[in-house]
Amino acid sequence: QELAGYNLSLVTLPRLMADPARKEIAEPLFTKTVQTVLSEYANGERRAELAKSGSGGYQGGDASSLEAESDAMTPVLINVLHALELADDGFLRRNMPWALPSLCDLIRCPKPEVREKLHRVMMTKMTPVLVHGDVLGS
């Protein structure tokens with residue numbers, strides 16, 4: 001149910017953000033949803049990798065359950081990346097201090113569908129905002 005809630009938020013909140021009267025309420029909720037999904041996914045991938053290697057205090061049997069959790073979260077992550085791909089540049093500029101590091105955490109993800117979508121977001125949205133968006137406040 002948690003994953004369904006994330007997916008619903010990722011569809012509904014951007015629509016609400018398009019309405020100036022609702023943007024003030026919807027954008028912080030959208031931001032928190034995106035931050036949470038990116039963080040949970042990256043942490044889950046790290047735990048699964050540690051379990052596969054037998055380090056980090058994980059037992060061998062933990063690897064398969066941690067990989068299953070990651071697999072279940074992958075469609076939600078794809079939806080987050082899709083929402084970021086559709087986000088306006090102003091949203092990305094305002095959130096670059098946490099968004100860029102969070103996206104960079106995904107670079108080593110073993111799933112090709114995640115890497116493909118991440119590449120598209122980085123090339124079509126993040127790079128133009130970084131190059132043209134004055135995100136560093138200079």
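Here the structure is shown first, and the text comes after it.
Here goes a summary of the coordinates provided.

## Quick look at the nonpolar core
Membership of the largest hydrophobic core comes to 32 residues, with the highest contact counts inside it found for Phe30, Val34, Leu38, Leu84, Leu103, Leu106 and Met126. Going through the elements one at a time, helix H1 (2-17), helix H2 (20-53), helix H3 (62-86), helix H4 (89-104) and helix H5 (112-132) are the ones with two or more residues in this core. Sequence-distant contacts of Phe30, defined by excluding residues within four places in its chain, comprise Leu10, Leu13, Pro14, Met17, Ala83 and Phe91.

## A few points about the state of the cysteines
Taken as a whole and assessed by the stated rule, the structure comprises 0 disulfides. Counting only cysteine sulfurs, Cys109 is the nearest neighbor of Cys104, a cysteine outside any disulfide, at a range of 14 Å.

## Digging into H5
Along its 21 residues, H5 runs 29 Å from first to last C-alpha, staying within 8% of the 30 Å computed at 1.5 Å per residue. The axis of H5 is deflected most strongly, by about 40°, at Met122. Residues of H5 that are buried in the fold lie against H2, H3 and H4.

## Looking at the side chain of Asn95
Within the element layout of this structure, Asn95 appears in helix H4. Owing to a relative accessible area of 8%, Asn95 belongs among the buried residues under this scheme. Filtering out sequence-adjacent residues up to four positions away, Asn95 remains in contact with Glu27 and Thr31.

## Thoughts on the packing of H1 against H2
Two elements in contact, H1 and H2, have axes whose closest approach is 9 Å; the angle formed by their N-to-C orientations is 145°. Between H1 and H2 lies a crossing of left-handed hand. Note on element contacts: H2 touches H1 through Arg22, Lys23, Ala26, Glu27, Leu29, Phe30, Thr33, Val34, Thr36, Val37 and Glu40, opposite Glu2, Tyr6, Ser9, Leu10, Leu13, Pro14, Leu16 and Met17. Of the residues assigned to the contact of H1 with H2, the class counts are 11 nonpolar, 3 polar and 5 charged.

## Observations regarding the side chain of Thr74
By the secondary structure assignment, Thr74 is in helix H3. Setting aside residues up to four positions removed in sequence, Thr74 forms contacts with Tyr41, Lys111, Glu113 and Val114.

## Thoughts on the pattern of salt bridges
One pass over the full model with this rule turns up 10 salt bridges. For the salt bridge of Asp19 with Arg22, the shortest nitrogen-to-oxygen distance reads 3.7 Å. A residue is classified by how much of its surface remains accessible, and Arg22, at 47% relative accessible area, is partly exposed. A salt bridge links Asp89 to Lys125, with the nearest nitrogen and oxygen atoms 3.4 Å apart. Residue Asp89 is found in helix H4, and its partner Lys125 is found in helix H5; the two are separated by 36 residues along the sequence. Relative accessible area serves as the criterion here: at 35%, Asp89 is assigned to the partly exposed category. Among the charged side chains, a salt-bridge network with shared partners connects Lys23, Glu27 and Arg94.

Conventions used here
Residues numbered from 1 in each chain as written. Predicted model: local features only at pLDDT ≥ 70, side-chain atom pairs only at ≥ 80, totals over all residues. Heavy atoms only, no water. Core = buried A, V, L, I, M, F, W, Y, C linked by side-chain atoms within 4.5 Å. Buried < 20%, exposed > 50% of the residue type's maximum accessible area, 1.4 Å probe, protein only. Helix = DSSP H or I, 4+ residues; strand = E, 2+ residues; numbered from the N terminus. Contact = heavy atoms within 4.5 Å. Disulfide = S-S within 2.5 Å. Expected span 1.5 Å × (residues − 1). Bend = angle between axes of the 7 residues up to and from the residue. Axes fitted to C-alpha atoms, helices over the stretch in contact; angles between N-to-C directions. Left-handed = near helix turned anticlockwise from the far one by under 90°. Nonpolar A, V, L, I, M, F, W, Y, C, P; charged D, E, K, R; others polar. Salt bridge = Lys/Arg side-chain N within 4 Å of Asp/Glu carboxyl O.

These results come straight from atomic positions and should not be treated as a statement about function.
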